[in-house]
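Descriptive structure summary
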Amino acid sequence: MNEKNERLILDVAYQPQVRTELDTKRIMLTVIVALLPALVVSVIRYGAYPLAVAAVSTASAVFFEWAYRALMKKSRTVDDLSAAVTGLLLAMVMPAGIPLWVPVIGDLFAIVVVKQLYGGIGKNFLNPALAGRAFLLASYAMLMGVWTTPKTLAGAVDTVTMATPLSYLYGGKALPEYFSRLNLFLGNRPGCIGELSTLAILIGAAILLVFKIIDWRIPVSTVGTVAVLTLIFGKDGYGNFDWMVYNLLTGGLLFGAVFMATDYATSPVTRKGRVLYGFGIGALTVLIRYFGGYPEGISYAILIMNLCSWAIDKAFHRRQFGVTAEDIKAEKAAREGKK
């Protein structure tokens, strides 16, 4: 009740209720800023084309969300920048030389099918950008598997396309000398637009952590699990420690752990749940890398754990204060009685 004895109504239809100065638009804008270092590295390695891919993908995602909601006579939501983030994230997990029409199709699937058909932001049960990538990988596997040689490696490799370091590691081939640890750390290698530079991803992670956009538990438990498992199991031809380092520096592990696994709508909200969620992603990533037919496993690992997020939260839900065990049993009995 307020001073005028009027009843105040709190809408608790959507959970959790959080008191914060951040709104959706500010959160999404911070994510965009955190993605810029990785995008800049890709432009340095490949020229302006990755910038064109990012622009087309972002514009397509925004257009599809606007068009869908206008067609369905729903409120406008493109101003919250969530569609822009989805489009940019999808671009960042695509090869640098991908034809420009491919991300448009991926955005259509990500925005309309994965996000809007389930009610819009916060109601999707899969990460839209990763679901869009999985759809494209299933539909256009040839295009999604072509890796352009970076301009900065043109002197070492006399080819237009080349295999990724992860393909060498899990293809039974020795890793070429030009894929040194320093090159892998700085991003002088082929790969998806956003996954090239470990340094750039760490800068983006620092931005998200400083502004409290993400919780450290998910990326740390994800990467830590991969580190421990690869250190234990190793691989013939590599020392266990070297094998672990190469697994952390190659592929999309770090990018996925920082920018994809931490998606609010598809990750657990409880602290213990987030640790278990990250462990599951890391373990599945290693399992797919070791035994799958595709050298990278982080995308599918995150999507699989997205489906388990609700069960994890249910297992680690917090105790209700003021509610006794007898109250819970009585409520459960009442529900069963109604059935």
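All values reported here derive from a predicted model rather than from experimental measurement. (Residues numbered from 1 in each chain as written. Predicted model: local features only at pLDDT ≥ 70, side-chain atom pairs only at ≥ 80, totals over all residues. Heavy atoms only, no water.)

**Quick look at the overall build of the protein chain**
Along the protein chain, the regular secondary structure elements total 15 helices and 0 strands. Per-residue burial for the protein chain yields a buried fraction of 48% across its 339 residues. Excluding contacts between residues fewer than 6 apart, the proportion of contacts in the protein chain whose partners are at least 24 apart in sequence is 72%. A total of about 17,800 Å² of accessible surface is found on the protein chain, and carbon and sulfur atoms cover 65% of it. (Helix = DSSP H or I, 4+ residues; strand = E, 2+ residues; numbered from the N terminus. Buried < 20%, exposed > 50% of the residue type's maximum accessible area, 1.4 Å probe, protein only. Contact = heavy atoms within 4.5 Å. Areas by Shrake-Rupley, 256 points an atom, 1.4 Å probe, with all protein chains shown as cover.)

**Some thoughts on the pattern of salt bridges**
One pass over the full model with this rule turns up 6 salt bridges. Across the pair Asp79 and Arg76 runs a salt bridge, and its minimum N-O distance is 3.3 Å. Under the relative-accessibility criterion, Arg76 is labelled exposed at 59%. Between Asp215 and Arg217 there is a salt bridge, with its nearest N and O atoms 2.9 Å apart. (Salt bridge = Lys/Arg side-chain N within 4 Å of Asp/Glu carboxyl O.)

**Considerations on the layout of surface pockets**
Each pocket or cavity is described by its volume, and for the second largest pocket that value is around 280 Å³. Along its surface, the second largest pocket is lined by 24 residues, and Arg133, Cys192, Glu195, Tyr294 and Glu296 are the ones closest to its centre. Of all the secondary structure elements, the ones that give two or more residues to the lining of the second largest pocket are helix H5 (128-139), helix H7 (165-170), helix H12 (253-260) and helix H14 (298-315). Grouping the constituent residues of the lining of the second largest pocket by class yields 13 nonpolar, 7 polar and 4 charged. (1 Å grid on protein atoms, 1.4 Å probe; cavity = no way out; pocket = protein on both sides within 12 Å on 5 of 7 lines; lining within 4 Å. Points joined across faces, edges and corners; volume = space filled by probe spheres on them. Nonpolar A, V, L, I, M, F, W, Y, C, P; charged D, E, K, R; others polar.)

**Remarks on empty space enclosed by the protein**
Counting across every chain of the model gives 1 cavity of 30 Å³ or more. Looking at the largest cavity, the residues that line it are Arg189, Glu195, Thr198, Ile201, Leu248, Leu249, Thr250, Gly251, Gly252, Leu253, Leu254 and Phe255. For the lining of the largest cavity, the elements supplying multiple residues, two or more each, are helix H9 (198-210), helix H11 (240-249) and H12. For the lining of the largest cavity, the element with the most residues is H12, which contributes 3 residues. Tallied by class, the residues present in the lining of the largest cavity amount to 6 nonpolar, 4 polar and 2 charged.

**A look at the packing of aromatic side chains**
Taken as a whole and assessed by the stated rule, the structure comprises 14 aromatic pairs. Each residue in the set Tyr170, Tyr238, Trp243, Tyr246, Tyr290 and Phe291 is aromatic and connected to the rest through ring pairs, giving one cluster. Note that Arg181 overlies the ring of Tyr246, its terminal NZ or CZ placed 6.0 Å from the centroid. (Phe/Tyr/Trp six-rings, centres within 6.5 Å; stacked < 30°, edge-to-face > 60°. Lys NZ or Arg CZ within 6 Å of the ring centre and 35° of its normal.)

**Concerning the side chain of Ser309**
Along the chain, the position of Ser309 falls in helix H14. A residue is classified by how much of its surface remains accessible, and Ser309, at 6% relative accessible area, is buried. Setting aside residues up to four positions removed in sequence, Ser309 forms contacts with Thr266, Ser267 and Pro268.

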